[in-house]
Amino acid sequence: MAAENMALYVEGLNKGAANGGMAQFQEMMRQQLESSMNAELEKLLDSTKGSDREVSRKDFEGFRNLFQRFLQVKGPSIEWIKIQRPPEESIQPYERILGRGLPDSVADCLNKLVVVKLNGGLGTSMGCKGPKSLISVRNENTFLDLTVQQIEHLNKTYNTNVPLVLMNSFNTDEDTKKILQKYTHHRVKIHTFNQSRYPRINKESLLPVSTSLSMTGQSAEGWYPPGHGDIYASFYNSGLMDQLIAQGKEYIFVSNIDNLGATVDLHILHHLVSQPNGKRCEFIMEVTDKTRADVKGGTLIQYEGKLRLLEIAQVPKAHVDEFKSVSKFKIFNTNNLWISLPAIKRLQEQKAMDLEIIVNPKTLDGGQNVVQLETAVGAAIKCFDNALGINVPRSRFLPVKTTSDLLLVMSNLYSLDAGSLTMSPRREFPTTPHVKLGSSFTKVQEYVSRFESIPDMLELDHLTVSGDVTLGKNVSLKGTVIIIANHGDRIDIPAGSMLENKIVSGNLRIMDH
């Protein structure tokens, strides 16, 4: 279809034109786009045979559904005026959950649980090849090592059988499966399934950019994993969900594998399992208080009588500042979620999982503009019965997205016990310091080479490092420390230095701050 027709179609959609003629034209264009897309998807399926074809056919069913909904969307999915604050009882303070204590048999609760980690991401943003979960974060332990240790500790302590399920993407599956062999003698049963593989679509023609299902050469650029909202369909399609339900599993605890604070919380699990039948809570979202660093995080709202996740991408431009304000929207989603397995099965079978579409524009290496249609796992909260938010301590949200985060979790601010990181009791205040490492530290390899050993940070409030800087052994940082090497300069902080409220700049001039 010609690009100008496409532009007309999209323009018409956005205006939501009410007059009959335009609406008729839109409908005709929509049908034409749908049939063109279906024809292209069939061509792609014909380019392969056997089990690959069957997997892709299931993936394409989900993609078709998303694409059809994308074409039908008129205007924003949220009317700002309808947004209400969630009622008091729908977001419970963690203290109230704690106050209920633990059940007589923790083991009975744990045997109903499956831990699911979202493991689709690569370590590219930190300069690493392969799955992000295989980056070393503490004492040579990777994200995956720590996860396995945590669950193994639970299984040994309570004599239970909590399995670990990894949702891989086509980017991480092969490397992850190779590494899993090292856990064969650990007391954790590990399962994997793959999230879907969807075709990227040309921004102009709205047709797939790939001409074959192959993942080699240029063709690989034509595919993407469609966001973690895909967990429901791919888990269900994999057959693994039915298998786990048959074993008596009732709930999954889902979190990002790079969130080191997302450990199994027995109090939240007890709260879920102990609800009376008529009031069974099918979905818990852990939220935490928003700080200025979290202004882009999704928040919970009441919308048309249901608890709903509001993401920044859904907010009309005129209201973005309001969305970011810490006073109006006080909490954000940690993406630690507790979800009923039978409820996911029911919603999948009823085709009632209605997740908002995130339209993610990308530019491929060759300069081609494409669109990825994605969904978010937390957006499903509105589909489940008796959904609940729990306002948890900040310690349950400890994501490692950058080397600045990595420095925090490697330091003596945290102690490691059975795979879990906890704030050191020797730190006098519970907040983590603000750390900002410059571009010379972005890649893990560079970052490691610039620290002879990780500094003592127990009394640090704020650290900014910029330029060509290295730190010797046993350096101690306290209060606010700013180290800036100007262009062409290099600063080496000598071994054993103690910097307290200092600004270091130029050729190692140290000033009190």
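- Labelled according to an unreviewed UniProt entry, the chain appears under the name UTP--glucose-1-phosphate uridylyltransferase, originating from Pagothenia borchgrevinki.
- In its Sequence similarities (unreviewed entry) section, the UniProt entry covering the chain states "Belongs to the UDPGP type 1 family."

**What about the packing of aromatic side chains?**
1) Next: This model, assessed by the stated rule, comprises 14 aromatic pairs.
2) Next: Between F193 and F235, the aromatic rings sit 4.8 Å apart at their centres with planes inclined by 5°, giving stacked as the arrangement. Pair noted here: F193 is in strand β6 (residues 190-194) and F235 is in helix α8 (residues 231-238), with a separation of 42 residues, a long-range link. Each member of the pair, F193 together with F235, is buried.
3) Next: Ring centres of F323 and F329 lie 5.8 Å apart, and the angle between their planes is 45°; on these two criteria the pair is classed as tilted.
4) Next: Judged by relative accessible area, F323 falls into the buried class, the value being 0%.
5) Next: A residue is classified by how much of its surface remains accessible, and F329, at 6% relative accessible area, is buried.
6) Next: The cationic tip of R197 hangs over the ring face of W223; the distance from NZ or CZ to the ring centre is 4.4 Å.
7) Next: Directly above the aromatic system of F441 lies the positively charged group of R450, at a separation of 5.5 Å from the ring centroid.

**Considering the pairing of strand β16 (residues 369-374)**
1) Next: Burial within β16 is extensive, with five of its six residues counted as buried.
2) Next: Note: strand β8 (residues 201-202) against β16, two bridges, orientation antiparallel. Residue pairing in the sheet places N202 in a bridge with V370 of β16.
3) Next: Here strand β15 (residues 358-363) hands over to β16 after five residues, with G367 in that stretch at a positive phi of 95°.

**Quick notes on the pattern of salt bridges**
1) Next: In this structure the tally under the stated criterion is 29 salt bridges.
2) Next: We note a salt bridge from E282 to R346, for which the minimum N-O separation is 2.9 Å. Of this pair, E282 sits in the loop between α10 (266-273) and β11 (283-289) while R346 sits in helix α12 (residues 341-349); the two residues are 64 residues apart in sequence, bridging distant segments of the chain.
3) Next: Using a relative accessible area of 11% as the deciding quantity, one classes E282 as buried.
4) Next: In this structure, the salt-bridge partner of R394 is D294, at a minimum N-O distance of 2.7 Å. Residue R394 is located in the loop between β17 (388-391) and α13 (403-410), and its partner D294 is located in the loop between β11 and β12 (299-303); the two are separated by 100 residues in the primary sequence.
5) Next: In this structure R394 comes out as partly exposed when scored by relative accessible area, which is 35%.
6) Next: According to the relative accessible area criterion, D294 is buried, its value standing at 8%.
7) Next: Within the structure, one salt-bridge network assembled from shared partners comprises R69, R308, D354, E356 and K382.

Cut-offs applied
Throughout, a residue's number is its position along its own chain's written sequence, starting from 1. Since the coordinates come from a predicted model, pLDDT governs what is reported: local features require at least 70, and pairs of side-chain atoms require 80 or more to be given and counted, while whole-chain, interface and lining totals use all residues. As a rule here, side-chain values come from all non-hydrogen atoms in the structure, and water together with hydrogens is ignored. UniProt positions are given in the numbering used here, feature names are shortened, and annotations may be inferred rather than shown by experiment. Stacked, edge-to-face and tilted labels apply to pairs of Phe, Tyr and Trp rings (six-membered ring for Trp) whose centres lie within 6.5 Å, assigned for plane angles under 30 degrees, over 60, and everything in between, in that order. Strands are runs of DSSP state E lasting at least 2 residues, helices are runs of H or I lasting at least 4, and numbering of each runs from the N terminus. Using a 1.4 Å probe on the protein chains alone, a residue whose accessible area is under 20% of its type maximum counts as buried, one over 50% counts as exposed, and one in between counts as partly exposed. Sitting over a ring, as applied to charges here, requires NZ of Lys or CZ of Arg to be within 6 Å of the ring centre and within 35 degrees of the ring normal. When DSSP finds two or more bridges between two strands, those strands count as paired. The term salt bridge refers to a side-chain nitrogen of Lys or Arg lying within 4 Å of a carboxyl oxygen of Asp or Glu.

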